[in-house]
Amino acid sequence: MSNRPAFYITTPIYYVNDVPHIGHAYTTLACDVLARFKRLDGYDVQFLTGTDEHGQKIERSAEKAGIAPLEFCDRVSARFGELAEAMNFSQDQFIRTTEERHKASVQHLWKVLEDKGFIYEDSYAGWYSVRDEAFYSESELTSGEGGEKLAPTGAPVEWVEEPSYFFRLSSLQDKLLELYDSQQDFVLPRSRLNEVRSFVAGGLEDLSISRTSFSWGVPVPGADGHVMYVWIDALANYLTAVGYPDVQSDSYQKFWPANVHMIGKDILRFHAVYWPAFLLAADLPLPQRVFAHGWWTNEGQKISKSLGNVIDPFELIDSYGLDAVRFYLLREVPFGNDGDFSRQSFVQRCNADLSNGIGNLSQRTLSMIFKNCDGALPPCGSLSVEDKELLNTIDHLVDEVRAHMNKQAFHKAFEAIWKQAAAADSYISVQEPWKLKKTDPERMNTVLYVLADVIRQLAILMQPIMPASSSKVLDQLKVTRRGFDQLGEAGRLVAGTAIDKPVGVFPRLELPSEDDT
Ligand code: MSP
């Protein structure tokens, strides 16, 4: 294993009761962008995604589909694999909780918790939501339109009474509060940390961690008829993937604890309360961060299968092209906030920032070079104050972008990059290189060289969000060294390098006609 610094990032593992939609694509995309960023920045990255395949919800979905649970899981899990391909995700591993290595890992974790006295046998009588795979207390429930009881998420609940093993969550209240107070960026955004903190400060009850009324789950070691509660099974995937229980393995040593668990706000409690509690009880190191992002609505409406307004990522990619989809999702909405998807905002955002913005900047510059400099990158003469100023800010842009990425503030990172693209646009308008051909060709060469080098650096920085398009721009400039160590002076363009006739990389998008919407 290399001695580069490690970076371990995970997505939630997705339930296979549902085909992938834009919400799933969103979480994994955020991880993909961060993983790509860290690789370019010299890290040894482990980027994990996968599917969550046990539990009552999956068992019932398989029953409804009329097939065996594992066959059902194989089918839907494959669809998530296809999504990863279609979205150009760069995961290092795709884990499935039905894999043998995972069952062994979570059973080991169970035994450790048991040996340390954190598990006891009792019986559970209370409310359970199969849709959320969560237990709720009476006081959390609300009434639906017909008077039926609902979970705070709006999901139906059912009364459950069965023998169960419990985890002594209540005994960890103080340790958890200490964690939130001492490591204030353990949960981001900050408002989410406050939410978690006040939930824990309100008092914790022990958690039921096994079920006996169905069988689709990991068997509890030494307890016939008990399968593990699907969340203890699911959360442990983050350990399994890096080699647990072999804590001496190279990958565990290198990658645990995880740097970022990326999740949606809906599963915050599981990741910021239960997960650190299991790890604290097992004496395992805690992850550095749980980032809970917001939810997408579709043209103002909650996305749901029953409303029939699920946004299909495959269809979006077909309509607008992959990199536009990747860009829009992470640029349009401040990461952490909820966002509303609309075709109009999609088309507007992509046309403004991609086709008119960076696309136009690079197409104009490359065309001027191709036409006026004999199809080769021009020599750079002595630099004016404006040239130096522009190059200097671009040369150091990565520091600002890195600071935003380290807080998962994607929108700010992209804003910073696009601000520099806009600065390059103003530079063109002031320098008017098209007028220099006759009056001062040497100066024209320098201006075009500076612009080309700015575009090189912007394209290097855009690789994490738009890998294919950035790569096309870099190909046109004949840039082969694309890591962040090539930014600034280190990788400056070589004058005299022949370039091909430039072709536009970011097509203009059209709003769908009324009939399509
Ligand atoms: N299986 C659990 C997670 C276990 S992790 C140890 C689960 N799976 S899920 O299939 O329901 O996926 C949940 C994740 O999908 C959310 O946390 C969120 O990241 C993403 N999204 C699902 N719908 C979404 C939106 N409408 N908008 C944004 N993201 C949402 O929970």
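Structure: see above.
The structure presented is a predicted model; accordingly, all values stated were derived computationally and were not measured.

Colleague: Mind showing me how you'd approach the overall build of the protein here?
Modeller: Helix and strand counts for the protein come out as 18 helices and 18 strands. For 517 residues, the compact-globule estimate of 2.2 N^0.38 gives 24 Å, and the C-alpha radius of gyration of the protein, at 26 Å, lies within 12% of that figure. Its C-alpha atoms give the protein principal-axis dimensions of roughly 90 × 55 × 40 Å. Total accessible area on the protein stands at roughly 21600 Å², and carbon and sulfur atoms take up 48% of it. Here the protein carries 51 positive and 71 negative side-chain charges, and the mean point of each set is 6 Å from the other.

Colleague: Quick question: what am I supposed to make of the sheet that holds strand β18 (residues 339–341) here?
Modeller: With respect to topology, three strands assemble into an open sheet ordered β17-β16-β18, the strand pairing being mixed. The outermost strands of the open sheet, each flanked by one partner alone, are β17 (301–302) and β18. Strand direction decides the pairing type here: strand β16 (residues 296–298) and β18, joined by three bridges, are parallel. By the bridge assignment, W296 is partnered in β18 with G339.

Colleague: I would appreciate a short explanation of the sheet that holds strand β9 (residues 158–167) in the present structure.
Modeller: Pairing within the open sheet is antiparallel, and its four strands lie in the order β6-β5-β9-β11. Each of the sheet's edge strands pairs with one partner strand only, and the pair in question is β6 (134–136) and β11 (207–208). In this sheet, β6 lies alongside strand β5 (residues 119–129) in antiparallel orientation, the contact comprising three bridges. Residue pairing across strands places W127 opposite Y136, the latter belonging to β6.

Colleague: Any chance you could explain the packing of aromatic side chains here in plain terms?
Modeller: Each aromatic ring pair is summarised here by two numbers: the centre-to-centre distance and the angle between the ring planes. A complete count under the given rule lists 31 aromatic pairs for this structure. The positively charged end of K38 is found above the aromatic ring belonging to F7, 5.2 Å away from the centroid.

Colleague: How should I be thinking about the site of the ligand in this particular structure?
Modeller: Taken together, 23 residues sit near the ligand, with I13, T27, D52, D266 and W296 positioned nearest. Within the side chain of H293, one N or O atom sits 3.4 Å away from an oxygen atom of the ligand. Contributing elements (two or more residues each) for the shell around the ligand: β2 (14–15), α1 (22–40), α7 (230–235), α8 (237–240) and β14 (260–264). A per-class count over the shell around the ligand returns twelve nonpolar, nine polar and two charged.

Colleague: Before we go on, may I ask you to explain the environment of V310 in this structure?
Modeller: In this fold, V310 is placed in the loop between β17 and α11 (313–320). A relative accessible area of 34% means that V310 is categorised as partly exposed. Residues V310 and P20 lie 290 residues apart in sequence; the distance between their C-alpha atoms is 9.6 Å. Setting aside its immediate chain neighbours within four residues, V310 contacts H21, I303, S304 and K305.

Colleague: What exactly am I supposed to notice about empty space enclosed by the protein here?
Modeller: A water-sized probe rolled over the atoms picks out the places where empty space is left. Under the definition given, this model contains two cavities of 30 Å³ or more. In this structure, the largest cavity encloses a volume near 70 Å³. For the lining of the largest cavity, the elements supplying multiple residues, two or more each, are α1, β3 (44–52) and α3 (69–86). Among the elements that take part in the lining of the largest cavity, α3 stands out by supplying three residues, more than any other. Taken together, the residues of the lining of the largest cavity break down into six nonpolar, four polar and no charged. Lining the second largest cavity are H54, G55, Y128, E133, R211, F214, W216, G217, M228, Y229 and V230. Across the lining of the second largest cavity, the residue classes tally to six nonpolar, three polar and two charged.

Colleague: For this particular structure, what's the right way to read the nonpolar core?
Modeller: Within soluble globular proteins, side chains that are nonpolar tend to cluster in buried spots. Within the largest apolar cluster, 96 residues are counted, with the highest numbers of intra-cluster contacts made by L330 and F410. Ranked by residue count, the leading element in this core is helix α17 (residues 441–462), at 14 residues. If you look at the next biggest cluster of nonpolar residues, it comprises 89 residues, including Y8, I58, L176 and Y238.

Colleague: Looking at this model, I keep getting lost on the pairing of β14. Mind explaining?
Modeller: The side chains of a regular strand alternate, residue by residue, between the two faces of the sheet. For β14, the buried fraction is high: five of the five residues fall into the buried class. Here β14 shows two buried faces, one formed by V260, M262 and G264 and the other by H261 and I263. Across two bridges, the pairing between strand β1 (residues 6–10) and β14 is parallel. Residue T10 lies in a different strand from β14, and its bridge partner there is H261. Of the strand pairs in this sheet, β14 and strand β15 (residues 290–293) are connected by four bridges, and their pairing is parallel. Bridged to M262 within β15 is F291.

Colleague: What is the right way to look at the pattern of salt bridges in this model?
Modeller: Any two side chains of opposite charge can pair if their charged atoms end up close together. Summed over all chains, the structure comprises 34 salt bridges. Measuring nitrogen to oxygen at the nearest pair gives 2.9 Å for the salt bridge that ties R36 to D32. In this pair, R36 and D32 are both assigned in helix α1, four residues apart and thus about one turn of the helix distant. Comparing R36 with D32, the two get one shared label, buried. Across the pair E195 and R192 runs a salt bridge, and its minimum N-O distance is 2.9 Å. Linking E195 with R192, this pair stays in helix α6 (residues 190–201), spanning three residues, or about one helical turn. By relative accessible area, E195 is classed as partly exposed at 41%. Note on R192: relative accessible area 16%, which makes it buried. Salt bridges linked by common partners bring D395, D453, R456, E489 and R492 together as one network.

Scoring rules and cut-offs
- Residues numbered from 1 in each chain as written.
- Predicted model: local features only at pLDDT ≥ 70, side-chain atom pairs only at ≥ 80, totals over all residues.
- Heavy atoms only, no water.
- Helix = DSSP H or I, 4+ residues; strand = E, 2+ residues; numbered from the N terminus.
- Rg over C-alpha atoms; globule rule 2.2 N^0.38 Å.
- Areas by Shrake-Rupley, 256 points an atom, 1.4 Å probe, with all protein chains shown as cover.
- Lys, Arg positive; Asp, Glu negative; His and termini not counted.
- Charge placed at Lys NZ, Arg CZ, Asp CG, Glu CD.
- Pairing = 2+ DSSP bridges.
- Phe/Tyr/Trp six-rings, centres within 6.5 Å; stacked < 30°, edge-to-face > 60°.
- Lys NZ or Arg CZ within 6 Å of the ring centre and 35° of its normal.
- Near = heavy atom within 4 Å.
- Polar contact = N/O pair within 3.5 Å; in protein donor to acceptor, adjacent residues only side chain to side chain.
- Nonpolar A, V, L, I, M, F, W, Y, C, P; charged D, E, K, R; others polar.
- Buried < 20%, exposed > 50% of the residue type's maximum accessible area, 1.4 Å probe, protein only.
- Contact = heavy atoms within 4.5 Å.
- 1 Å grid on protein atoms, 1.4 Å probe; cavity = no way out; pocket = protein on both sides within 12 Å on 5 of 7 lines; lining within 4 Å.
- Points joined across faces, edges and corners; volume = space filled by probe spheres on them.
- Core = buried A, V, L, I, M, F, W, Y, C linked by side-chain atoms within 4.5 Å.
- Salt bridge = Lys/Arg side-chain N within 4 Å of Asp/Glu carboxyl O.

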